[in-house]
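Spelled out, the chains give:
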Amino acid sequence: MFTVKARPYDYAFDPQRTALLMIDMQRDFIEEGGFGAALGNDVLLLRAAVPPARMLLSLCRELGVTIVHTKEAHRPDLSDCPPSKLLRGGTALKIGDSGPMGRILVDGEEGSDFIPELAPLRGETVIVKPGKGAFYATGLQALLHNAGITHLLFAGVTTEVCVQTSMREANDRGYECLLVADATESYFPEYKKATLDMIAAQGGIVGWTASLRQLSDACAAR
Ligand code: TIU
């Protein structure tokens, strides 16, 4: 067991019963010409999370934590994309349209790929999800259940959209969740801060937060 100095209080986890959920570290959100940019965001803001997320991934691989990478992407025929999502935003480039990295938010296109720094290793699980939450319309819950996972470490983008939605879904399913604060990022710094605060508020109503340093110190101290 490791014990992390976390907010709102210590978080203890056994790596054998823990999975890392690395949420949506895709070109579509982090690079120019993808979905994030099409929505009018400054995608460069997300790059701050890349070095910590890489270190977190290495640490989890060393510890033998189960690694799960998620990507938000739709089938080429868009049959898994609700019309509401397709139309939302009124932007020039929509989901399924052709952009500089291929069709926006479509699985198999360049934009849907993971950024090279965070590419999955052979044998690591990739969950393709049509929604913001990693549990909706995916096999994630069965996978975690069958692997005996009880604890989840969260990282990725964006903090208040896909990361927070997935963490809330996990919390309601009984998982003990910790968000690694510097390995997640938002297009809106104030929303990131609010998300970290609201997760840990009320005695950890959604879960715990800690820095990568706090997590790695816990692992080194055992
Ligand atoms: N727009 C935004 O902040 N995020 C998303 O649309 N998806 C994820 O967070 N992955």
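Everything here concerns the structure above.
This section reports on the structure supplied with the text. (Residues numbered from 1 in each chain as written. Predicted model: local features only at pLDDT ≥ 70, side-chain atom pairs only at ≥ 80, totals over all residues. Heavy atoms only, no water.)

### Some thoughts on the packing of helix H6 (residues 159–172) against helix H7 (residues 189–204)
As a packed pair, H6 and H7 sit with axes 10 Å apart at the nearest point and diverge in direction by 15 degrees. With respect to H7, the axis of H6 lies roughly parallel. The two elements H6 and H7 cross, and the hand of that crossing is right-handed. Contacts between H6 and H7 involve Thr159, Glu160, Gln164, Met167 and Arg168 on the former and, on the latter, Tyr191, Lys192, Thr195, Met198 and Ile199. (Axes fitted to C-alpha atoms, helices over the stretch in contact; angles between N-to-C directions. Helix = DSSP H or I, 4+ residues; strand = E, 2+ residues; numbered from the N terminus. Parallel < 35°, antiparallel > 145°, perpendicular 65-115°, else oblique. Left-handed = near helix turned anticlockwise from the far one by under 90°. Contact = heavy atoms within 4.5 Å.)

### Focus: the site of the ligand
What surrounds the ligand is the set Asp24, Phe29, Phe35, Leu39, Glu72, Lys132, Val157, Thr158, Val161, Cys162 and Tyr187. Here a nitrogen atom of the ligand and a side-chain polar atom of Glu72 are 2.9 Å apart. With respect to the ligand, the side chain of Thr158 contributes an N or O atom lying 2.8 Å from an oxygen atom. Broken down by class, the residue content of the shell around the ligand amounts to seven nonpolar, one polar and three charged. (Near = heavy atom within 4 Å. Polar contact = N/O pair within 3.5 Å; in protein donor to acceptor, adjacent residues only side chain to side chain. Nonpolar A, V, L, I, M, F, W, Y, C, P; charged D, E, K, R; others polar.)

### Focus: the pattern of salt bridges
As enumerated under the stated definition, the model contains 13 salt bridges in all. For Asp197, the salt bridge goes to Arg7, with nearest N and O atoms at 3.1 Å. Taken as a pair, Asp197 in helix H7 and Arg7 in the loop between strand E1 (2–4) and strand E2 (11–13) lie far apart in primary sequence, 190 residues in all. On the basis of relative accessible area, Asp197 is assigned to the partly exposed category, the value being 28%. Classification of Arg7 by relative accessible area gives partly exposed; the value is 37%. Note that Asp217 and Arg213 form a salt bridge whose closest N and O atoms lie 3.1 Å from each other. Of the two residues, Asp217 and Arg213 both sit in helix H8 (residues 212–221), four residues apart, roughly one turn of that helix. Residue Arg213 is classed as exposed on the basis of its relative accessible area of 59%. Salt bridges linked by common partners bring Arg7, Lys193 and Asp197 together as one network. (Salt bridge = Lys/Arg side-chain N within 4 Å of Asp/Glu carboxyl O. Buried < 20%, exposed > 50% of the residue type's maximum accessible area, 1.4 Å probe, protein only.)

Keep in mind that these numbers describe shape and distance, not what the molecule does.
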